[in-house]
Amino acid sequence: MTQTQYRVRGTLAGASLLVLSSPALALAEEENTGMKLLIPNMAEFVPACVAFIIIFVIMSKLAWPAILKMMEDREKKIQGDLDSAEKSRNDAAVLSQDAKAKVAEAEREAAEIIARADVGFATIWGLTDCADTIQEFADEALKEKYLPRICCGATCSMDLTEPDAGSDLQSVRLKATWDEAAKCWRLNGVKRFITNGDADLHLVLARSEEGSTDGRGLSYFVFDRADGGMTVRRIENKMGIKGSPTAELQFTNAPAQIVGERRLGLIKYVMSLMNGARLGVAAQSIGLCEAACREADAYAASREQFGHPINQFVAVQDLLDRMRARTDGARSLMYETARYVDLSASSRPASRVADILTPLVKLSASEFANRNAYDCIQVHGGSGFMKEYACERLYRDARILSIYEGTSQLQVVAAIKGIANGAYLKQIESYEARVTEGLAAACNEKAAPAADRQRCLEVLRKATDGYRRFYEMAVADGTTSERFEHATRALAEVLASIVMGYLLLLDSQRDARFLKSCRYFVREAIGQVNRHIAALEN
């Protein structure tokens, strides 16, 4: 079975068991492939055993058939592309790449839809991506042992963080020693803040080289909970995403098998996961953005003050428009990034673009989720502060999105290389060329008027010129100067606005409704550039 087939089937089977075991109940509905939360955060109000019984009965009767149908439709569509590729040797490479891109889009769309209902459950479901690491780096014996189990619904976790090793994974101390008699590795130590820590299968980062102190002494291991040797010391009582168990784990002579080669655990295998992990959190963030938009829109349309629905007041409508623009922009950037991430394994140029876009989409989408959740409560007024309304839960769930899988500050650090070597500007130039080409070509009847798109393009060009000036001022004392370091986040945010502006302008060539969101990012980009240049000048 190919990697693509494993991922598609694993998505289906993994979602099957994970939905039924999630403490938050999601009810699927056939409305723009959307999902509604029927009983938010059941785990906060009902004992786990009772919640599981209720969830099992209702999910099996109502929600799961709709989710399964949606995912099966996706699988059939993608499988059709793969079958077509097999029928034609000449077109196989092209169709294979196209199919990979469609897999990426389907995975992220599914992640967004599920996060729209509950980010906690989306977190558990998304960890089935651990199968990718096994498929890509493990030997054939481990693939045959674990991949079929994941496809049949075995849950997964990625065990990286320790009490003294959070963002600094080079400081991991959990020890791995070879047991010659048992022909396996033995894991000893503690992992902390492990999402889905009670999973069946664990990918564990551990120190295999005696006396080492940096990332070159770390290897990657797969541990099966059924083999024993691991204890869940506690389940954390979190602010949000309560449907996802976050655990502290104690490994005591736990048997494990190495994934790939020694010493490459962090510098190769974990690093290869980062693009996918950032993209997964971006998809969750966009799902929450969309949920916040829908909650705010529905409330603003039904709530009346001074004899009118509050969405007729300019101040409220402005909030709603900003929320929608952020969601559209982040979604467009996510799909663009997903294509490059999925093609990066077979294309070095695609890999370079993926490396610069993933920190940008993770930074932007997670920050937008927090802003949208904040604005959603603002639209609700005092009611939004009450637990009876979903926006209160969204506000709590959003906070983790700009923290896990790399904080927003670390995403800025990850973006610095692309800022300094001009990679972002090169990508922006490619978008400009595509937009210009689209203006010259005949568009469908749903496209925004060419004159409106031309005006947006001209402003985006001014914003790009402003960014170049801002960058030159920031690096006047060198890229290692304090001046540049203070400006890096501002540079990243300006770049994100320009990139999303161009992507939405491209989207407006097929649907005029995206032009409104494009204009939001055009204004943001110009405003950001002018503010930051003024700040540096003064």
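One structure accompanies this document, and this report is about it. (Residues numbered from 1 in each chain as written. Predicted model: local features only at pLDDT ≥ 70, side-chain atom pairs only at ≥ 80, totals over all residues. Heavy atoms only, no water.)

**Points about the nonpolar core**
Which entries qualify depends on this criterion: Put simply, buried Ala, Val, Leu, Ile, Met, Phe, Trp, Tyr and Cys residues joined by side-chain atoms within 4.5 Å make one nonpolar core. Throughout this description, buried means an accessible area under 20% of the type-specific maximum (1.4 Å probe, protein chains only), exposed means over 50%, and partly exposed covers the range between. The secondary structure listing takes helices from DSSP runs of H or I that are at least 4 residues long and strands from runs of E that are at least 2 residues long, numbered from the N terminus. What makes two residues a contact is simply this: any of their non-hydrogen atoms within 4.5 Å.
Counting 96 residues, the largest nonpolar core has Ile-419, Tyr-467 and Leu-491 as its most contacted members. If one sorts the elements of this core by residue count, helix α14 (residues 482–507) sits on top with 16 residues. Not counting residues up to four positions away in its chain, the partners in contact with Ile-419 are Tyr-424, Tyr-467, Tyr-471, Phe-484, Thr-488, Leu-491, Ala-492 and Leu-495. One finds Leu-147, Ala-165, Leu-201 and Leu-205 within the second-largest nonpolar core, a separate group that totals 29 residues.

**Some details on a positive patch on the surface**
How we decide: For patch building, the residue pool is restricted to those with more than 30% relative accessible area and no salt bridge; the joining distance is 9 Å between like charges and 5 Å between nonpolar side chains (Val, Leu, Ile, Met, Phe, Trp, Tyr). Method for areas: the Shrake-Rupley scheme with a 1.4 Å probe, in which residue coverage is limited to the protein chains shown. Whenever Lys or Arg places a side-chain nitrogen within 4 Å of a carboxyl oxygen from Asp or Glu, that contact is recorded as a salt bridge. Residues scored as charged are limited to Lys and Arg (positive) and Asp and Glu (negative), so that His and the chain ends carry no count. Positions of charges follow a simple convention, taking NZ of Lys, CZ of Arg, CG of Asp or CD of Glu.
Taken together, the side chains of Arg-348, Arg-352, Lys-417 and Lys-426 present a region of like positive charge at the surface. Relative to the elements of secondary structure, Arg-352 occurs in helix α9 (residues 348–380).

**A few points about helix α11 (residues 408–420)**
Spacing of three or four residues puts side chains on the same side of an α-helix, whose turn is 3.6 residues. Worth spelling out the cut-off: Helix span, expected: 1.5 Å multiplied by one less than the number of residues in the helix. To get the bend at a residue, fit one axis to the 7 residues ending there and another to the 7 starting there, then take the angle between the axes.
Taking 1.5 Å per residue as the helical rise, α11 with its 13 residues ought to reach 18 Å, and the 18 Å between its terminal C-alpha atoms agrees with that figure. The largest bend in α11 amounts to roughly 30° and is located at Ala-414. All of the buried residues in α11 are Ser-408, Gln-411, Val-412, Ala-415, Gly-418 and Ile-419. Against the buried residues of α11 lie α7 (265–302), α9, α12 (423–440), α13 (450–474) and α14. Just beyond α11, the residue with positive phi is Gly-422, at close to 80°.

**Describing the pattern of salt bridges**
Inspection of every chain in the model, using the stated rule, returns 40 salt bridges. Linking Arg-331 and Glu-112 is a salt bridge whose minimum nitrogen-to-oxygen distance equals 2.5 Å. Taken together, the positions of Arg-331 in helix α8 (residues 314–343) and Glu-112 in helix α3 (residues 92–117) put the pair 219 residues apart, joining distant regions of the chain. Each of the two residues, Arg-331 as well as Glu-112, counts as buried. Note that Lys-516 is salt-bridged to Asp-321, the shortest N-O span being 3.3 Å. Residue Lys-516 is located in helix α15 (residues 514–537), and its partner Asp-321 is located in helix α8; the two are separated by 195 residues in the primary sequence.

Distances and angles like these do not, on their own, reveal function.
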